[in-house]
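# Report on the structure
Chain by chain, the residues:
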Amino acid sequence: FGEAVAMALVSIDTVHDHVRVVTLDNPARLNSLSFALVSDLYDALAEVAADNRCRVVVLTGAGRAFCSGLELEHAGMPPGTEDLGRHRMGMRAMEYMGGIVPALRSLPQPVIAAIRGPAYGGGMCLSLGADIRLAGESAVFCGAGISNGLAGTELGVSWLLPRAVGTSHASEILLTGKKFGADEALRIGMVSQVLADDDLLDHAVTMAEGMCAFSPFGLALTKDTLWAAMEVGSLRAAVDLENRTQLLAGHTGNLAEATAAFKEKRPAVYTE
């Protein structure tokens, strides 16, 4: 890969002019969600969001795991809580952890998760914050909270998982603590493809590069509309939202460029 920006526990690689790979980079702890790693991930997402050349993000984990969930032994402390009492600190900690999935949703760029090995607990939740999920053959998912004496619901999973796989599958995953592999994840619709581990990241990057041929405004609007439509209450509201979104896209000149490119038998070149 090309130019890299390294934080302590997360790295950003520029693999293409418009594609960034964000890697959870603490393989010795299976990329578990300590407050230090989550803090670095917030910083990485903010950097990517402000990178106007970036159009698609790939999210992955270093080593043999995507993310093994909450760091149980050395979680550390959330930033800015040193002088808080127990209850306020606890609430701040939950908000800090829980906010990382909405931070993924808030990125202007679509996110492709490339998942190898364990994606347990918060790691499974983190993958659900991506727009597209690709699994390596070694991927294993588990909603670990229920197995650790806690609730099985965290980081938005009670909202995201039923929408990804349906209520029956979601309830089984979160209430039983079952572990399931890549093929099962594909069968229930949690991931869209299963690939050999050695091919996974290259495939994710190739997919991202292909998406960069589309207009950056169109990509961003499509991501935003897909997420927003999950929160509206009716078909009519979704169509109204789509109508306004498409009208915005129509004012960019991209449709005229697409039409000209088709007539001239050349790739379209979008500046918006």
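Let us now look at the overall build of the protein chain. Each helix and strand in the protein chain was counted, giving 11 helices and 10 strands. Relative to the globule expectation of 19 Å for 272 residues, the C-alpha radius of gyration of the protein chain, 19 Å, shows essentially globular dimensions. When the backbone C-alpha atoms are referred to their principal axes, the protein chain occupies close to 60 × 45 × 40 Å. By the burial criterion, 45% of the 272 residues in the protein chain qualify as buried. Here the analysis covers contacts within the protein chain between residues at least 6 apart in sequence; of these, 69% occur between residues at least 24 apart.

Moving on, we come to the pattern of salt bridges. Under the definition given, this model contains 11 salt bridges. The shortest N-O distance in the salt bridge between Lys178 and Glu184 comes to 3.8 Å. A salt bridge links Glu264 to Arg266; the shortest N-O distance between them is 2.5 Å.

As a further point, take the sheet that holds strand β7 (residues 132-136). Judged by pairing direction, the sheet is mixed, and its seven strands sit side by side in the order β1-β2-β3-β4-β5-β7-β10 without closing on themselves. Sheet topology places β1 (4-6) and β10 (193-195) at the edges, where each strand pairs with a single neighbour. Across the sheet, the mean angle separating the axes of adjacent strands is 20° when strand polarity is ignored. Pairing of strand β3 (residues 19-24) with strand β4 (residues 56-61), which is carried by six bridges, proceeds in the parallel orientation. Bridge pairing in β4 links Leu24 to Gly61. Where helix α1 (residues 35-49) meets the sheet, it contacts β1, β2 (10-16), β3 and β4, and its direction lies at approximately 30° from that of β2.

On to the packing of helix α5 (residues 157-165) against helix α6 (residues 167-176). Packing of α5 against α6 leaves a shortest axis separation of 7 Å and a crossing angle of 130°. Taken together, the axes of α5 and α6 are oblique relative to one another. Helix-helix and strand crossings are classified by hand; for α5 and α6 the assignment is right-handed. In contact with Val157, Leu161, Pro162 and Val165 of α5, α6 contributes Thr167, His169, Ala170, Ile173 and Leu174. Residue composition of the contact of α5 with α6, grouped by class: seven nonpolar, two polar and no charged.

Moving on to the environment of Ser234. As for its placement among the helices and strands, Ser234 is situated in the loop between α9 (216-229) and α10 (235-250). In this structure the side chain of Ser234 is engaged in a polar contact, spanning 3.0 Å, whose partner is the backbone nitrogen of Ala237.

Quick look at helix α2 (residues 86-98) now. The end-to-end C-alpha distance of α2 is 18 Å, a good match for the 18 Å that 13 residues give at a rise of 1.5 Å each. Among the residues of α2, Ala93, Tyr96 and Met97 are the ones counted as buried. Summarising the axial view, the buried residues of α2 lie within an arc of 90°, below the 170-degree limit, and thus occupy one face. In α2, those exposed residues whose orientation departs by more than 90 degrees from the buried face are His87, Arg88 and Met94. Looking at the buried positions of α2, the neighbouring elements they touch are α1 and α3 (100-106).

A separate point is the packing of aromatic side chains. Evaluation of the coordinates by the stated rule reveals three aromatic pairs. Each ring, one from Phe35 and one from Tyr96, has its centre 6.3 Å from the other, and the planes form 40°; the classification is tilted. Of this pair, Phe35 sits in helix α1 while Tyr96 sits in helix α2, and the two are 61 residues apart along the sequence. On the basis of relative accessibility, which here comes to 8%, the residue Phe35 falls in the buried class. Taken together, the ring pairs in this structure connect Phe35, Tyr42 and Tyr96 into an aromatic cluster.

In this section: the pairing of strand β5 (residues 111-115). Burial within β5 is extensive, with five of its five residues counted as buried. Here β5 shows no split at all, with Val111, Ala113 and Ile115 on one side and Ile112 and Ala114 on the other all buried. Bridge count for β4 against β5 is four bridges, and the pairing is parallel. The partner of Leu59 across the bridge, within β5, is Ala113.

The three strands lie next to each other as β6-β8-β9, forming an open sheet whose pairing is mixed. Each end of this open sheet is capped by a strand with a single partner; those strands are β6 (118-120) and β9 (179-181). Within this sheet the neighbouring strands show an average axis-to-axis angle of 20°, counted without direction. Sheet topology places β6 next to strand β8 (residues 140-142); three bridges connect them, and they run parallel. Across the sheet, Ala119 pairs through a bridge with Phe141, a residue of β8.

Cut-off values and rules
All chains use their own residue numbering, which begins from 1 and follows the written sequence. Totals for whole chains, interfaces and linings use all residues, but because this is a predicted model, local features are given only for residues with pLDDT of at least 70 and pairs of side-chain atoms are given and counted only at 80 or more. Excluded from the side-chain calculations are hydrogens and water; all other atoms, namely the structure's heavy atoms, are used. Each helix corresponds to a stretch of at least 4 residues labelled H or I by DSSP, and each strand to a stretch of at least 2 residues labelled E; elements are numbered beginning at the N terminus. Using C-alpha atoms as the atom set, the radius of gyration is obtained and then compared with a globule rule of 2.2 Å times the number of residues to the power 0.38. With a 1.4 Å probe rolled over the protein chains alone, any residue whose accessible area is under 20% of its type maximum counts as buried; one over 50% counts as exposed, and the rest are partly exposed. Should any heavy atoms of two residues lie within 4.5 Å, those residues are counted as being in contact. Any Lys or Arg side-chain nitrogen found within 4 Å of a carboxyl oxygen on Asp or Glu counts as a salt bridge. At least two bridges found by DSSP between two strands is the condition for calling them paired. To obtain an axis, a line is fitted to C-alpha atoms, over the contacting stretch when the element is a helix, and the angle between two such axes runs from 0 to 180 degrees between their N-to-C directions. Reported orientations rely on four angle classes, namely roughly parallel under 35 degrees, roughly antiparallel over 145, roughly perpendicular from 65 to 115, and oblique for the rest. Throughout, a crossing is termed right-handed when the near helix is turned clockwise from the far one, and left-handed when it is turned anticlockwise from it by less than a right angle. Classification used: nonpolar for Ala, Val, Leu, Ile, Met, Phe, Trp, Tyr, Cys and Pro, charged for Asp, Glu, Lys and Arg, polar for all others including Gly. For the purposes of these results, a polar contact is taken to be a pair of N or O atoms within 3.5 Å, where, inside protein, one atom must be able to donate a hydrogen and its partner to accept one; residues adjacent in sequence count only when each atom of the pair is a side-chain atom. In this scheme, a helix's expected span is set at 1.5 Å multiplied by one less than its residue total. Within this analysis, the arc is defined by the directions that extend from the helix axis to the C-beta atoms. Only Phe, Tyr and Trp rings take part, Trp by its six-membered ring, and two of them pair if their centres are within 6.5 Å. Stacked means planes under 30 degrees apart, edge-to-face means over 60, and tilted covers everything else.

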